[in-house]
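Breakdown of the fold
Now for the letters of each chain:
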Amino acid sequence: PRRAEDAHGHSGSMAPAEGGELVRCAWRESPVAMLRDWLRMTAETIPPLRPSGHFTIVGTWGDFVPEEMRWDGAHFSHVVVVGQRGWESFQILADGDWGRVLYPSVPWASPFKEHRLCGPDRQGHGKNWAIGLPRPEAGERNVARPGEVY
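As the structure is a computational prediction, the values presented were derived from the model and not from experiment.

Points about the environment of G59
Along the chain, G59 falls in strand β5 (residues 55-59). Look at G59 and you get buried, because its relative accessible area is 1%. On a C-alpha basis, the gap between G59 and V80 in space is 9.2 Å, while along the polypeptide they are 21 residues apart. Those residues in contact with G59 that sit more than four places away from it in its chain are F64, S89 and F90.

The following block contains the structure:
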């Protein structure tokens, strides 16, 4: 089951049910009793749930000072402008905690280099995602230019 909090402050979990449907159990504490609300829905009718924590991003553009990521109702995001050197690298901190770092399984990871998500833990030193590369080789697809926005 997936646990999260929706935009209305309801906590809950989702679990698979028969026929590709999901069952959602939502609850909210009240002074009188705990209200439970069971809903059966398909993947198309699931309202987006906001994770209970927050994420910060740390990268070369800001000397690895944590910056809050923005929740858009479906995803966390952050705008990065590539600096004069033509590349940037970054990691993500769960709840802004350096002890809960999200990082790729390989150094200089990108959409063009096979890797998996690791963490959250303290084991990610030297393993960052990259936008562009310091010394791209011929045929490299991970190329960025100063001023490009990601």
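Examining the side chain of E88
Relative to the helices and strands, E88 resides in strand β9 (residues 88-94). A polar contact is formed between the side chain of E88 and the side chain of R85, at a distance of 3.2 Å. Ignoring any residue separated from it by four or fewer positions in sequence, one finds E88 in contact with T60, W61, V80, V81, V82, G83, W129, A130 and I131.

Things to note about the side chain of T60
Among the secondary structure elements, T60 is positioned in the loop between β5 and β6 (67-68). If near-sequence neighbours (up to four positions away) are discounted, T60 is found in contact with R85, W87, E88 and S89.

With respect to the confidence of the model for the chain
Residues of the chain with pLDDT of at least 70 account for 67%, and the chain-wide mean is 79. pLDDT under 50 marks residues 26-38. Its contacts with residues more than four places away, or in other chains, come to 26 contacts.

What about unusual backbone geometry?
Look at the link from G119 to P120: it is a cis peptide, with omega at 5°. Turning to its location among the elements, P120 is positioned in strand β11 (residues 117-121). We note that D63 has phi near 55°; this positive angle belongs to a residue other than glycine. For D63, the location among the structural elements is in the loop between β5 and β6.

Here is what the cut-offs are and how they apply
Throughout this document, residue positions are counted from 1 along each chain, in the order its sequence is written. Where totals are concerned, whole chains, interfaces and linings use all residues; where local detail is concerned, this predicted model gives features only for residues with pLDDT of at least 70, and gives and counts side-chain atom pairs only at 80 or more. Calculation of side-chain values draws on the structure's entire complement of heavy atoms; hydrogens and water are dropped beforehand. Put simply, DSSP marks the helices as runs of H or I at least four residues long and the strands as runs of E at least two long, and each gets a number from the N terminus on. Burial classification: accessible surface area is computed with a 1.4 Å probe over protein chains only, and a residue below 20% of its type maximum counts as buried, one above 50% as exposed, and the rest as partly exposed. Here a residue-residue contact requires only that any non-hydrogen atoms of the pair lie within 4.5 Å. A 3.5 Å cut-off defines polar contacts: any pair of N or O atoms within that distance qualifies, except that in protein one atom must be a possible hydrogen donor and the other a possible acceptor, and neighbouring residues in sequence count only when both atoms are side-chain atoms. The predictor attaches a confidence to each residue, and that confidence, scored 0 to 100, is pLDDT.

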